[in-house]
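# Survey of secondary and tertiary structure
Residue strings, one per chain:
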Amino acid sequence: NILFPLALVTILLSTSTTGIVTLAVGLPVTLALGSVGGDPRVLANMGKTVCMLLIAGLVVVVPAVILEPSLIDSVSTVVDATLNKTSSDSYEERTASDQGAYALIEPTYGLGVGWGSYRSSSLLPGLLANAGMFGIAMVLWQIMTLYRLRTRGRRTLQPHPGQVLVDGFLASMCAQVGAALLSGPMITSL
């Protein structure tokens, strides 16, 4: 309950495009997946968390903007700098690196060039370039295996109080993989 709002504030204060995109995509997906089961306790907890975040945001942001109107200019500068990252040399280099990785699929017949032979900017192009379609299939197989094990464990130990640790780890792992898909070039991030 404390770490989640702090993580949100940290991401929003940073200019990390990866963090902001992961938050913009991951938070709605997390809320949607949490509401699929229809468990009233989960829905109530999600509602409380969202309401508390909105109330805390209003309590902190509105007085800060009223007391210090120059904050709006500072926020605008940070938002503009973050949105204009696509015109930077670094962004163009990373995009070219990822495009080069995709270009290796056809000449290698989808087998890849071998581990460590190509360094991309993002995880998916890196996996495709280095391990090929087989590498992608193996990562998907690993994810499905972990999901099956998690589901089996959840059925077996339904009321266990340590389940919250497993759920927290799963959420963390999903966020890490989501961020790596955008800007984690190495398989070690998995």
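Residues numbered from 1 in each chain as written. Predicted model: local features only at pLDDT ≥ 70, side-chain atom pairs only at ≥ 80, totals over all residues. Heavy atoms only, no water.

## Here's the deal with the overall build of the chain
Tallying secondary structure elements over the chain gives 7 helices and 0 strands in all. Starting at the N terminus and walking to the C terminus, you meet the elements of the chain as α-α-α-α-α-α-α. Its C-alpha atoms give the chain a radius of gyration of 21 Å, clearly above 16 Å, the size a compact globule of 190 residues would have. Taking the principal axes of its C-alpha atoms as reference, the chain extends roughly 60 × 50 × 20 Å. Scored against the burial criterion, the 190 residues of the chain give a buried share of 16%. Put simply, of all contacts in the chain between residues at least 6 apart along the chain, 46% involve residues at least 24 apart. Just so you have it, the chain exposes about 13500 Å², and 72% of that area is on carbon and sulfur atoms. Both charge centroids of the chain, one from 10 positive and one from 10 negative side chains, sit 22 Å from each other. (Helix = DSSP H or I, 4+ residues; strand = E, 2+ residues; numbered from the N terminus. Rg over C-alpha atoms; globule rule 2.2 N^0.38 Å. Buried < 20%, exposed > 50% of the residue type's maximum accessible area, 1.4 Å probe, protein only. Contact = heavy atoms within 4.5 Å. Areas by Shrake-Rupley, 256 points an atom, 1.4 Å probe, with all protein chains shown as cover. Lys, Arg positive; Asp, Glu negative; His and termini not counted. Charge placed at Lys NZ, Arg CZ, Asp CG, Glu CD.)

## A word on the side chain of Asp98
Topologically, Asp98 is positioned in helix H5 (residues 89–103). For the buried residue Asp98, which engages in no salt bridge, the nearest side chain bearing the opposite charge is Arg94, 7.4 Å off. Apart from residues no more than four positions distant in its own chain, Asp98 is found in contact with Ser120, Ser121, Ser122 and Pro125. (Salt bridge = Lys/Arg side-chain N within 4 Å of Asp/Glu carboxyl O.)

## Topic: the confidence of the model for the chain
The predicted model of the chain averages 80 in pLDDT, with 94% of residues at 70 or higher. Looking over the chain, one finds the lowest element-wise mean pLDDT in helix H4 (residues 70–83), namely 77, and the highest in helix H6 (residues 123–156), namely 86. (pLDDT = per-residue confidence, 0-100.)

## Considerations on the packing of H6 against helix H7 (residues 163–183)
Interaxial distance between H6 and H7 falls to 13 Å at its minimum, and their mutual angle equals 165°. Taken as axis vectors, H6 and H7 run roughly antiparallel relative to one another. Considering the relative orientation of H6 and H7, their crossing is left-handed. Residue-level contacts link Leu123, Leu124, Leu146, Arg150 and Arg154 of H6 to Gln163, Asp167, Leu170, Met173, Ala180 and Leu181 of H7. Tallied by class, residues from the contact of H6 with H7 come to 7 nonpolar, 1 polar and 3 charged. (Axes fitted to C-alpha atoms, helices over the stretch in contact; angles between N-to-C directions. Parallel < 35°, antiparallel > 145°, perpendicular 65-115°, else oblique. Left-handed = near helix turned anticlockwise from the far one by under 90°. Nonpolar A, V, L, I, M, F, W, Y, C, P; charged D, E, K, R; others polar.)

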